[in-house]
Amino acid sequence: LAVTCLLISAISAERLTALASLARSEARQRSIFETASAGIALENMALAHLQMGERDACIEMAKRGLSVARELCDEERILSLRLVIVECGLPTQASRLVAEADEIVAEMASGKCRSEFPRALRIRAMCHLAMGNRAETMRGVDAALREARQQGNRVELGRIVGLQRA
């Protein structure tokens, strides 16, 4: 009977320890989820500021979101926010930003974040357009169109067609 009581106590203690560990894990997960949600919100705010032409606010939100994404090792969000920063700097800083756009495109071509690949190709083409490099712009537009069609990405396809007309 004493051995049985000890076993029950040991099992109960293990269960309590396991439950406490699970509770801590759940709290960490909730915290991570809230942090990830904040990163997404910052990216959305950066994109809204970009659409309104508010470049300083766009950069500020994107950098804050990038900090959160790096903290979480969220590669997709990191690449997406880097694209926001490049796009926000266009057209005035195109010659400085084209290398960053090339780097992002290379990372995505290797398999990272393929869903954003047409966007990256379009933004790189926008860099070349701003620099007056028409041939490279058209190559980039063609590549972006192919990728957007392949993915069935109608939203990005519309943006690329708009760039094609520029």
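Note: the structure precedes this text.
The following refers to the structure shown.

Reading the values: rules and limits
- Just so you know, the residues in each chain are numbered from 1, in the order the chain's sequence is written.
- Note on the predicted model: pLDDT of at least 70 is required for a residue's local features to be given, and 80 or more for side-chain atom pairs to be given and counted; whole-chain, interface and lining totals, by contrast, use all residues.
- For side-chain calculations, the full set of non-hydrogen atoms in the structure is used, while hydrogens and water are omitted.
- The secondary structure listing takes helices from DSSP runs of H or I that are at least 4 residues long and strands from runs of E that are at least 2 residues long, numbered from the N terminus.
- Three exposure classes are used, based on accessible area relative to the maximum for each residue type with a 1.4 Å probe and protein chains only: buried under 20%, partly exposed in between, and exposed over 50%.
- By the convention used here, residues are in contact when the closest approach between their heavy atoms is within 4.5 Å.
- Accessible surface is estimated by sampling points in the Shrake-Rupley manner with a 1.4 Å probe; for residues, cover comes only from the protein chains shown.
- Given the number of residues in a helix, its expected span is that number minus one, multiplied by 1.5 Å.
- Here the axes come from fitting lines to C-alpha atoms, over the contacting stretch only for helices, and the angles between their N-to-C directions go from 0 to 180 degrees.
- For this classification, under 35 degrees means roughly parallel, over 145 means roughly antiparallel, 65 to 115 means roughly perpendicular, and everything else is oblique.
- Helix crossings are classified by the rotation of the near helix relative to the far one: an anticlockwise turn of less than a right angle makes the crossing left-handed, while a clockwise turn makes it right-handed.
- A 1.4 Å probe that fits into a set of points on a 1 Å grid over the protein atoms alone but cannot get out defines a cavity; an open set with protein on both sides within 12 Å along at least five of seven lines defines a pocket, and lining residues are those with an atom within 4 Å of a point.
- Grid points are joined across faces, edges and corners, and a volume is the space filled by probe spheres set on the points.
- Residues were grouped as follows: Ala, Val, Leu, Ile, Met, Phe, Trp, Tyr, Cys and Pro as nonpolar; Asp, Glu, Lys and Arg as charged; and all remaining residues, including Gly, as polar.

Some remarks on the overall build of the protein chain
Part 1 of the argument: Secondary structure assignment for the protein chain yields 7 helices and 0 strands.
Part 2 of the argument: Shown N-terminal to C-terminal, the secondary structure of the protein chain runs as helices and strands in the order α-α-α-α-α-α-α.
Part 3 of the argument: Out of the 166 residues in the protein chain, the part that is buried amounts to 36%.
Part 4 of the argument: If you take every contact in the protein chain between residues at least 6 apart in sequence, the share linking residues at least 24 apart comes to 57%.
Part 5 of the argument: Working note: accessible area of the protein chain is about 9900 Å², and carbon and sulfur atoms make up 56% of it.

A closer look at helix 6 (residues 134-151)
Part 1 of the argument: In a regular helix each residue adds 1.5 Å, so 18 residues correspond to 26 Å; helix 6 covers 25 Å between its end C-alpha atoms and thus fits that length.
Part 2 of the argument: Of all the positions in helix 6, only T137, G140, V141, A143, A144, L145, E147 and A148 are classed as buried.
Part 3 of the argument: As for helix 6, its buried residues are in contact with helix 5 (117-130) and helix 7 (154-164).
Part 4 of the argument: Where helix 6 ends, the next residue or the one after it, G152, has phi of about 70°, a positive value.

Description of the packing of helix 4 (residues 94-109) against helix 5
Part 1 of the argument: Between helix 4 and helix 5, whose axes approach to 9 Å, the crossing angle comes to 155°. Taken together, the axis directions place helix 4 and helix 5 in an arrangement best described as roughly antiparallel. In terms of crossing hand, the pair formed by helix 4 and helix 5 is left-handed. Of the residues in helix 5, those in contact with A94, L97, V98, A101, D102, I104, V105, M108 and A109 of helix 4 are F117, A120, L121, R124, C127, H128 and A130.

Regarding empty space enclosed by the protein
Part 1 of the argument: Within this structure, the stated rule accounts for 1 cavity of 30 Å³ or more.
Part 2 of the argument: What the largest cavity holds in volume is close to 40 Å³.
Part 3 of the argument: Around the largest cavity, the lining residues are T35, A36, G39, G65, V68, A69, L72, D74 and R77.
Part 4 of the argument: Secondary-structure elements contributing two or more residues to the lining of the largest cavity are helix 1 (2-51) and helix 2 (55-72).
Part 5 of the argument: The element contributing the most residues to the lining of the largest cavity is helix 2, with 4 residues.
Part 6 of the argument: Broken down by class, the residue content of the lining of the largest cavity amounts to 4 nonpolar, 3 polar and 2 charged.

Some words on the side chain of R77
Part 1 of the argument: In this structure, R77 sits in helix 3 (residues 75-88).
Part 2 of the argument: Apart from residues no more than four positions distant in its own chain, R77 is found in contact with G39, I40, E43 and A69.

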